[in-house]
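# Structural characterization, general
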Amino acid sequence: MPIHSLKYQKALQIQREISETLNKSTDLHEILQLSLERLLELMELETGWIFLTEDNTFYQLAADYQLPPAMADNREELMHCQEGCTDCTCLQLYWEGHMKQAVNHVKCIRLKQAVADKMGETRGLTHHASIPLTIRGKKIGLLNLASPGRHRFHEDDLILLETIAYQIGAAVERTRLHQQQTKEEVHATARYLIDAYANAERIKREIGNVHTRNELFQGIMEELHHHLPHWTHAAIITMEQGRLTIQICLDEHGPKEVFDKEQKINLSQPDLIRRAYVQQRIMQENKKPLHFSSLKDHQSLYSIAFPLFMRERPEETFGVLLLSRSTTACDYLEIGMLEGLAYHFSMGIERIRLYEEWEALLVSKERNRLARDLHDSVNQKLFALSLISGGLQELIDKDERTILEAVREVQQLSKEALIDMRSLIWQLRPDHLEQGLVTLFNEYAQKIGVELSMETPENLELSQSCKEALWRIGQEALNNIQKHAGTSKAVIVMESDADGFMMKVIDQGNGGAVEKQQSLGITSMKERTEELDGSFHINSEKGKGTTIIVRFPNDRKGR
């Protein structure tokens with residue numbers, strides 16, 4: 001094979017191997033060191049070093065291999081940029097623009113200084129070749145190569161070294177751009193996290209003063225919309241009567257209340273939300289179906305679901321916070337921030353639960369106090385009045401008809417007042433709802449002398465607030481029947497279906513209650529119904545009895 005062909009193949013091999021070495025890493029000093037060592041080996045040279053430059057006054061030693069002891073042992077004085085070491089021939093030629101290609105024979109000032117100052121062994125080196133590292137006219141640095149006894153390089157070797165120098169220069173520029181981009185990304189991520197944590201703190205402060213679940217959910221969505229706008233879609237899902245149910249959603253237009261139950265419970269292939277709820281773990285998915293009709297927009301986005309529960313009571317999961325956006329998945333830092341935010345939402349839910357319990361306890365204690373005080377004072381006085389009026393009848397002469405009838409009326413009124421007072425005391429007792437509505441209505445009807453029939457479903461599942469409202473409305477209706485209807489019979493019908501819950505209180509008495517719609521009793525029944533977003537209707541024609549109809553929507557039945 002001709003000699004020039006062998007040289008050509010060797011040159012190609014050297015270029016290929018250097019190119020492969022330059023692509024092994026993104027660490028600048030690592031790729032320069034590996035490339036220099038491989039280049040010296042392939043070209044059978046002993047030593048070399050690479051300077052990287054930034055301007056006409058600064059350079060740094062980026063890589064070196066097998067420097068003579070004088071240079072290796074005195075790096076600070078000979079090889080690093082400092083006063084007195086910026087005027088070596090190769091750098092001056094390069095900075096002044098006189099070195100635009102490889103220079104074959106450069107007398108090294110550093111080696112000369114090492115000999116003059118007796119810094120150590122130089123292995124006979126006095127000169128080196130210098131090859132500029134330049135990319136698109138931009139000065140990157142210098143590649144210096146030397147071997148003892150070798151003062152000149154063949155022209156072909158210099159051309160090869162220029163080609164390799166271009167490869168090294170391109171690799172340096174590429175790596176620097178990559179490092180700059182990485183630095184900018186790190187700064188952007190840091191800025192994002194700082195802003196996100198600041199916004200998370202604002203959100204926590206904003207939701208810390210609400211006292212109802214609805215206000216909390218609305219506040220969470222509004223704060224997410226304002227302070228974390230890159231999460232364009234969100235939802236809060238809670239467990240209601242065995243089904244995960246969406247309470248509120250967020251899209252690009254803002255938050256909106258919904259009541260959307262899980263369409264199907266597929267335990268073999270649960271969706272992202274149910275997995276997060278059951279496993280109490282953060283779950284992520286990209287463009288996967290969700291089992292809720294109101295979350296169709298989320299299915300084309302990346303979504304992450306956070307279970308809402310208190311770490312101190314992991315057995316009780318409140319629900320799930322779902323966040324979605326069009327951009328890529330979260331990194332661990334963002335997940336950590338969002339997890340902390342979800343935990344604060346959980347604490348908000350728990351705080352409201354405790355607040356509601358505290359309020360209920362206060363109401364219970366106040367009712368107990370009223371019941372006790374009424375029993376010890378008014379009830380005893382009414383009983384005494386009844387006894388006195390009964391004794392007066394025996395003392396009054398039979399001929400004193402007017403006085404006798406007045407006393408009898410006083411006795412009758414005192415008996416009725418005593419019955420009402422005992423009924424009121426019984427109503428005020430705090431533990432009455434634990435007996436169930438059917439038992440309560442039957443006991444109460446018996447106490448006030450009403451013959452009651454009830455039609456109710458076997459499994460009546462209602463929230464505490466719904467039970468309390470129905471109990472108070474039913475009480476008032478039965479009181480009105482006993483006092484005004486002119487009948488002692490009543491019927492209560494309860495029905496539950498997919499749309500909600502209904503209670504009817506029916507009597508076949510005098511009717512005419514519509515004319516008294518502004519009475520305190522009817523007004524209080526309406527108010528209790530409206531507090532739970534229900535509807536109240538009364539049908540009462542004279543002589544045809546009265547029917548009171550109360551309806552609660554499905555989303556209130558289970559809360």
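Structure report, in brief. (Residues numbered from 1 in each chain as written. Predicted model: local features only at pLDDT ≥ 70, side-chain atom pairs only at ≥ 80, totals over all residues. Heavy atoms only, no water.)

Under the counting rule described, the total for this entry stands at 10 salt bridges. Of the charged contacts in the structure, one is a salt bridge between Arg-275 and Glu-285, with a shortest N-O distance of 2.8 Å. Highlighted residues: Arg-275 in helix 9 (residues 272-279) and Glu-285 in strand 9 (residues 283-286), separated in sequence by 10 residues. Judged on exposure class, the residue Arg-275 and its partner Glu-285 are both buried. Taken together, the shared-partner salt bridges in this structure form one network comprising Glu-17, Arg-38 and Glu-41. (Salt bridge = Lys/Arg side-chain N within 4 Å of Asp/Glu carboxyl O. Helix = DSSP H or I, 4+ residues; strand = E, 2+ residues; numbered from the N terminus. Buried < 20%, exposed > 50% of the residue type's maximum accessible area, 1.4 Å probe, protein only.)

What follows concerns a negative patch on the surface. A cluster of like negative charges, contributed by Glu-455, Glu-495, Asp-497 and Asp-499, occupies part of the molecular surface. Inspection of the secondary structure assignment puts Glu-455 in strand 12 (residues 451-455). Among the residues examined, Glu-455 registers a relative accessible area of 49% and is labelled partly exposed. (Patch = residues over 30% accessible without salt bridge, like charges linked within 9 Å, V, L, I, M, F, W, Y side chains within 5 Å. Areas by Shrake-Rupley, 256 points an atom, 1.4 Å probe, with all protein chains shown as cover. Lys, Arg positive; Asp, Glu negative; His and termini not counted. Charge placed at Lys NZ, Arg CZ, Asp CG, Glu CD.)

The six strands lie next to each other as 8-7-6-11-10-9, forming an open sheet whose pairing is antiparallel. Among the strands making up the open sheet, the edge pair consists of strand 8 (254-261) and strand 9. Strand after strand, the sheet turns through a mean of 20 degrees between neighbouring axes, direction not considered. Two elements, strand 10 (residues 302-309) and strand 11 (residues 317-325), share eight bridges in a ladder whose sense is antiparallel. Among the inter-strand pairings, Pro-307 is bridged to a residue of strand 11, identified as Val-320. Seen against the sheet, helix 8 (residues 213-227) touches strand 6 (233-240), strand 7 (243-251), strand 8 and strand 11 and runs at an angle of roughly 40 degrees to strand 7. Each of strand 6, strand 7, strand 9, strand 10 and strand 11 is contacted by helix 9, which is oriented at about 140 degrees to strand 11, the strand it contacts most. (Pairing = 2+ DSSP bridges. Axes fitted to C-alpha atoms, helices over the stretch in contact; angles between N-to-C directions. Contact = heavy atoms within 4.5 Å.)

Our focus in this paragraph is helix 14 (residues 520-531). When the terminal C-alpha atoms of helix 14 are compared, their 16 Å separation across 12 residues agrees well with the 16 Å that a helix rising 1.5 Å per residue should span. Among the residues of helix 14, those classed as buried are Gly-521, Ile-522, Met-525 and Thr-529. Angularly, the buried residues of helix 14 cover 100 degrees about the axis, an arc narrow enough to put them on a single face. Exposed side chains of helix 14 directed beyond 90 degrees from the buried face belong to Leu-520, Glu-530 and Glu-531. Buried residues along helix 14 sit in contact with helix 13 (464-484), strand 15 (535-540) and strand 16 (546-553). Directly after helix 14, the chain includes Asp-533, whose backbone phi takes a positive value near 60 degrees. (Expected span 1.5 Å × (residues − 1). Arc of directions from axis to C-beta.)

A few words now on the sheet that holds strand 15. Strand order in the open sheet formed by five strands is 12-13-14-16-15, and the pairing between neighbours is mixed. Since the sheet does not close on itself, it has two edges, and those belong to strand 12 and strand 15, each with one partner. Strand-to-strand twist in this sheet, taken as the mean axis angle between neighbours without regard to direction, amounts to 15 degrees. One ladder, built from eight bridges, connects strand 14 (residues 500-507) with strand 16; its direction is antiparallel. Across the sheet, residue Phe-501 finds its bridge partner in strand 16, namely Phe-552. Against the sheet, helix 13 contacts strand 12, strand 13 (489-497), strand 14 and strand 16, and its axis sits at roughly 10 degrees relative to strand 14. Its contacts with the sheet place helix 14 against strand 15 and strand 16, and it is angled at close to 150 degrees to strand 15.

This part covers the environment of Glu-451. With respect to the helices and strands, the residue Glu-451 is situated in strand 12. Note: C-alpha distance between Glu-451 and Thr-487 (36 residues apart in sequence) is 9.3 Å. In contact with Glu-451, other than residues within four places in its own chain, are Ser-488, Lys-489 and Ala-490.

Quick look at the packing of helix 13 against helix 14 now. To describe two helices that pack against each other, one gives the angle between their axes and the distance between the axes. Running from N to C, helix 13 and helix 14 cross one another at 160 degrees; their axes reach a closest spacing of 9 Å. In this view, helix 13 runs roughly antiparallel relative to helix 14, as classed from their interaxial angle. For the crossing formed where helix 13 meets helix 14, the hand is left-handed. Side by side, helix 13 and helix 14 meet where Ala-469, Arg-472, Ile-473, Glu-476, Ala-477 and Asn-480 of the first sit next to Gly-521, Met-525, Arg-528 and Thr-529 of the second. Of the residues assigned to the contact of helix 13 with helix 14, the class counts are four nonpolar, three polar and three charged. (Parallel < 35°, antiparallel > 145°, perpendicular 65-115°, else oblique. Left-handed = near helix turned anticlockwise from the far one by under 90°. Nonpolar A, V, L, I, M, F, W, Y, C, P; charged D, E, K, R; others polar.)

For the rest of this paragraph, the subject is the packing of aromatic side chains. Inspection of every chain in the model, using the stated rule, returns five aromatic pairs. Ring geometry for Tyr-355 against Trp-358: centres 5.7 Å apart, planes inclined by 40 degrees, an arrangement best described as tilted. One end of the pair, Tyr-355, and the other, Trp-358, are both in helix 10 (residues 332-395), three residues apart, so they sit about a helical turn from each other. The exposure class assigned to Tyr-355 is partly exposed, which follows from its relative accessible area of 24%. For Trp-358, a relative accessible area of 47% corresponds to the partly exposed category. Among the aromatic residues, those joined into a ring-pair cluster are Phe-441, Tyr-444 and Trp-471. If you follow Arg-325 out to its NZ or CZ, it ends over the ring of Trp-231, 4.2 Å from the centre. (Phe/Tyr/Trp six-rings, centres within 6.5 Å; stacked < 30°, edge-to-face > 60°. Lys NZ or Arg CZ within 6 Å of the ring centre and 35° of its normal.)

Further remarks concern the packing of helix 12 (residues 437-448) against helix 13. Put simply, helix 12 and helix 13 touch, their axes get as near as 11 Å, and they point 25 degrees apart. As judged from the angle between their axes, helix 12 and helix 13 are roughly parallel. Like other packed secondary-structure pairs, helix 12 and helix 13 cross with a definite hand, here right-handed. Together, Leu-437, Leu-440, Phe-441, Tyr-444 and Ile-448 of helix 12 and Lys-467, Leu-470, Trp-471, Gly-474, Gln-475, Leu-478, Asn-479 and Gln-482 of helix 13 make up the contact between the two elements. Split by residue class, the contact of helix 12 with helix 13 holds eight nonpolar, four polar and one charged.

Purely geometric stuff here, so don't read any function into it on its own.
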